There are 2 protein chains.
Amino acid sequence: MTTNYRIILNSIKKHVLLNEEEEACFCSFFSQRKVKYKETLLKEGEIADATFFVNEGCLRSYNIDENGFEHILQFAPSGWWIADLYSVISKRPGTLNIDALENSIVLVMLRSDQERLFIELPKIERYFRIITENSLVSHRQRLIDNMSLSAPERYEVFCKRYPELIHTLPQKQIAAYIGVTPEFFSKMKSKMK
Amino acid sequence: MTTNYRIILNSIKKHVLLNEEEEACFCSFFSQRKVKYKETLLKEGEIADATFFVNEGCLRSYNIDENGFEHILQFAPSGWWIADLYSVISKRPGTLNIDALENSIVLVMLRSDQERLFIELPKIERYFRIITENSLVSHRQRLIDNMSLSAPERYEVFCKRYPELIHTLPQKQIAAYIGVTPEFFSKMKSKMK
DNA sequence: CGAATTTCTTAATCTAGGTTATTTTTTTTA
DNA sequence: TAAAAAAAATAACCTAGATTAAGAAATTCG
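Description of the structure in this document.

Parameters at a glance
Residues numbered from 1 in each chain as written. Chains lettered and ligands numbered in written order. Predicted model: local features only at pLDDT ≥ 70, side-chain atom pairs only at ≥ 80, totals over all residues. Heavy atoms only, no water. Salt bridge = Lys/Arg side-chain N within 4 Å of Asp/Glu carboxyl O. Buried < 20%, exposed > 50% of the residue type's maximum accessible area, 1.4 Å probe, protein only. Helix = DSSP H or I, 4+ residues; strand = E, 2+ residues; numbered from the N terminus. Pairing = 2+ DSSP bridges. Contact = heavy atoms within 4.5 Å. Axes fitted to C-alpha atoms, helices over the stretch in contact; angles between N-to-C directions. Least-squares fit on C-alpha atoms with pLDDT ≥ 70 in both. Near = heavy atom within 4 Å. Polar contact = N/O pair within 3.5 Å; in protein donor to acceptor, adjacent residues only side chain to side chain. Nonpolar A, V, L, I, M, F, W, Y, C, P; charged D, E, K, R; others polar. Phe/Tyr/Trp six-rings, centres within 6.5 Å; stacked < 30°, edge-to-face > 60°. Lys NZ or Arg CZ within 6 Å of the ring centre and 35° of its normal. Parallel < 35°, antiparallel > 145°, perpendicular 65-115°, else oblique. Left-handed = near helix turned anticlockwise from the far one by under 90°.

## Regarding the pattern of salt bridges
Here is step 1: Here the structure, examined in full by the defined rule, presents 22 salt bridges over all chains.
Here is step 2: Each of the salt bridges in this network shares a partner with another, and the network as a whole consists of A:Arg111, A:Glu115, A:Glu125, B:Arg126, B:Arg129 and B:Glu133.

## Remarks on the pairing of strand β4 (residues 58-64) of chain A
Looking along a regular strand, one sees the side chains alternate between the two faces of the sheet.
Residue and element names in this part refer to chain A.
Here is step 1: The buried fraction of β4 amounts to 6 of the 7 residues, a majority that puts the element mostly inside the structure.
Here is step 2: Alignment of β4 against strand β5 (residues 70-77), held across 7 bridges, turns out to be antiparallel. Across the sheet, the residue bridging to Ile 64 is Glu 70, located in β5.
Here is step 3: Once β4 ends, the chain turns through 5 residues before running back antiparallel as β5, passing Gly 68 with a positive phi of about 85 degrees.
Here is step 4: Of the pairings in the sheet, the one linking β4 to strand β7 (residues 97-100) comprises 4 bridges and is antiparallel in character. Of the residues in β7, the one forming a bridge with Leu 59 is Ala 100.

## Description of the sheet that holds strand β1 (residues 31-35) of chain B
Residues and elements named next belong to chain B.
Here is step 1: In space, the 4 strands of this open sheet follow the order β1-β8-β3-β6, with antiparallel pairing throughout. The sheet is open, and its two borders are formed by β1 and β6 (81-82), each paired with just one other strand.
Here is step 2: Where strand β3 (residues 50-56) and β6 come together, 2 bridges link them in antiparallel fashion. Across the sheet, residue Phe 52 finds its bridge partner in β6, namely Ile 82.
Here is step 3: Contacting β3, β6 and β8 (104-110), helix α1 (residues 6-13) runs over the sheet at an angle of about 110 degrees to β3.

## With respect to the relation of the copies chain A and chain B
Here is step 1: Turning chain A through 180 degrees and shifting it by 0.0 Å along the axis lays it on chain B, with an RMSD of 0.0 Å. In symmetry terms, the pair is related by a two-fold rotation axis.
Here is step 2: With an isologous cut-off of 70% or more, the 100% of interface residues of chain A that recur at the interface of chain B puts this contact in the isologous class.

## Examining the protein's contact with DNA strand D
Here is step 1: Every one of the 18 residues lining DNA strand D counts as a neighbour, but A:Gln171, A:Lys172, A:Ser186, B:Ala151 and B:Thr181 are closest to it.
Here is step 2: What you see for DNA strand D is that sugar and phosphate hold 72% of its atoms within 4 Å of the protein.
Here is step 3: B:Ala151 places a polar main-chain atom, nitrogen or oxygen, 3.1 Å from a phosphate oxygen of DNA strand D.
Here is step 4: Those elements that provide at least two residues to the surface near DNA strand D are α7 (171-178) and α8 (182-191) of chain A together with α6 (151-161) and α8 (182-191) of chain B.
Here is step 5: A class-by-class count of the residues in the surface near DNA strand D yields 7 nonpolar, 6 polar and 5 charged.

## Overview of the environment of B:Met109
Here is step 1: Looking at the secondary structure, you find B:Met109 in strand β8.
Here is step 2: For the pair B:Met109 and B:Gly57, spaced 52 residues apart in sequence, the C-alpha separation works out to 18 Å.

## Regarding the protein's contact with DNA strand C
Here is step 1: As a structural note, the neighbourhood of DNA strand C is formed by 18 residues, with A:Ala151, A:Thr181, B:Gln171, B:Lys172 and B:Ser186 the closest of them.
Here is step 2: By atom count, sugar and phosphate contribute 73% of the portion of DNA strand C lying within 4 Å of the protein.
Here is step 3: A distance of 3.2 Å separates a phosphate oxygen of DNA strand C from a polar backbone atom of A:Ala151.
Here is step 4: A distance of 2.8 Å separates a phosphate oxygen of DNA strand C from a polar side-chain atom of B:Gln171.
Here is step 5: Of all the secondary-structure elements, those providing two or more residues to the surface near DNA strand C are α6 (151-161) and α8 of chain A together with α7 (171-178) and α8 of chain B.
Here is step 6: Its residues placed into classes, the surface near DNA strand C shows 7 nonpolar, 6 polar and 5 charged.

## So, the packing of aromatic side chains
All names here are of chain A.
Here is step 1: Tallied over the full model, the rule gives 32 aromatic pairs over all chains.
Here is step 2: Seen from their ring centres, Tyr 155 and Phe 158 are 6.3 Å apart, and the 15 degrees between their planes marks the pair as stacked. Of the two residues, Tyr 155 and Phe 158 are both situated in helix α6; the distance of 3 residues between them amounts to about one turn of the helix.
Here is step 3: Under the relative-accessibility criterion, Tyr 155 is labelled buried at 8%.
Here is step 4: Among the aromatic residues, those joined into a cluster by ring pairs are Tyr 5, Phe 26, Phe 30, Phe 53, Trp 81, Phe 118, Tyr 127 and Phe 128.
Here is step 5: Stacked on the ring of Tyr 177, the Lys or Arg Arg 142 has its end atom at 3.8 Å from the ring centre.

## Some remarks on unusual backbone geometry
All names here are of chain A.
Here is step 1: Even without being glycine, Lys 38 reaches a positive phi, approximately 75 degrees.
Here is step 2: Residue placement: Lys 38 occurs in the loop between β1 (31-35) and β2 (40-42).
Here is step 3: One non-glycine residue, Lys 91, lies in the positive phi region at around 60 degrees.
Here is step 4: One can find Lys 91 in the loop between α3 (85-90) and β7.

## Details of α7(A)
Residues and elements named next belong to chain A.
Here is step 1: Judged by how many residues are buried, α7 sits mostly within the fold: 6 of 8 residues are covered.
Here is step 2: Taken residue by residue, α7 has Gln 173, Ile 174, Ala 175, Ala 176, Tyr 177 and Ile 178 as its buried positions.
Here is step 3: Positive backbone phi, approximately 90 degrees, marks Gly 179, located one or two places after α7.

## Digging into the side chain of A:Thr132
Here is step 1: Counting through the fold element by element, A:Thr132 comes out in helix α5 (residues 122-148).
Here is step 2: A relative accessible area of 8% places A:Thr132 in the buried class.
Here is step 3: Apart from the residues lying within four places of it in its own chain, the contact partners of A:Thr132 are B:Thr132, B:Glu133 and B:Leu136.

## A word on the packing of α6(A) against α7(A)
All names here are of chain A.
Here is step 1: For the pair α6 and α7, the least separation of the axes is 10 Å and the interaxial angle reads 110 degrees. By the criterion of interaxial angle, the relationship of α6 to α7 is roughly perpendicular. Remark: the crossing between α6 and α7 carries right-handed chirality. In this structure, α6 uses Ala 151, Arg 154, Tyr 155, Phe 158 and Arg 161 to contact α7, whose residues at the interface are Ile 174, Tyr 177 and Ile 178.

Structure representation (structure tokens):
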């Protein structure tokens, strides 16, 4: 199995410039992992020691509330990072589950390696500082949307954010992302026509 | 008016170690600003060029939805950072308002200066990388809470997060933070006894 | 201090979205 | 390819929280 770093190097390139040697150094810290459809990469209660970059396929992170309902925090198609950052930085048991919505391939970056990289290659720390800022902004926007938009409006926002997923994802997953029951989502969609 | 850097240097100290020269360099980038009760630091539609550190008093950031309702994203008592990060990093008109809930004093860090600091003093970039990670984690948690908790439970979470504000803040502001109307908040509180 | 403004309370009524239950359709897997 | 499992649709009924309105209490500020 040949590891493909094209996608991650492209992501890096948008924010910092690495020479070939630095690129090689950066890539050497990843290991690759296949995740099958429905396979779990991280379970609630475990301590997460790594962050994942999706090379192929699609994952999701979600938490399960006390009534057993799933709330999806993020979908991660190819080119996206996904992790339980709380657990990674606190080194305590996490609250998120991460699993695959289709057969996928991820690059695994251990936090310990990431921290070594931050010291050896400050440009990598810059890259993560920038993508963390961007992620914070989009979480903030989602929070605002959840507080001020109705369910149909939140669905619209979902469609803009994940256009490639609208028709590949089961409705149930979309409902768990926008924060309604599958029954209501179904009713809502049929009204929309 | 003598500028006091004690609080911000303490915040830095929790994450990176600066020598005296570096501390002096870091502090030289701030300017200080008084913000009176109800005064606005940043209005929706403006391009934000700075991030604020609260030295004294308390600010809030909020957005106003299309029906005129305020949704509070953050309270920032002494020792907290506050900004419209979206506008700061994109250099586009922002969607947030920031104003003072009491007479306050903030330290102002221009984004242009911040970016210079990131280059001159990588430890500062590390500091911001870390506090941005922490902020992302707390936004994520708030998102989960909004999706899975009832209004009284969200009030409990608010009380744990901002214990010093429970009795100093008008109820109206707390309601706009947890995401209910002031009328419902009042009813909810009287039921809780 | 006193008038004006803002905030808080209470209560009746309304509604977006949840719950429960049943049937149909699609997907998975043996 | 058939049986089993999962997902989706539909419908009747329910509820947390919104809306509207009006009076009481607290703050603000001239």
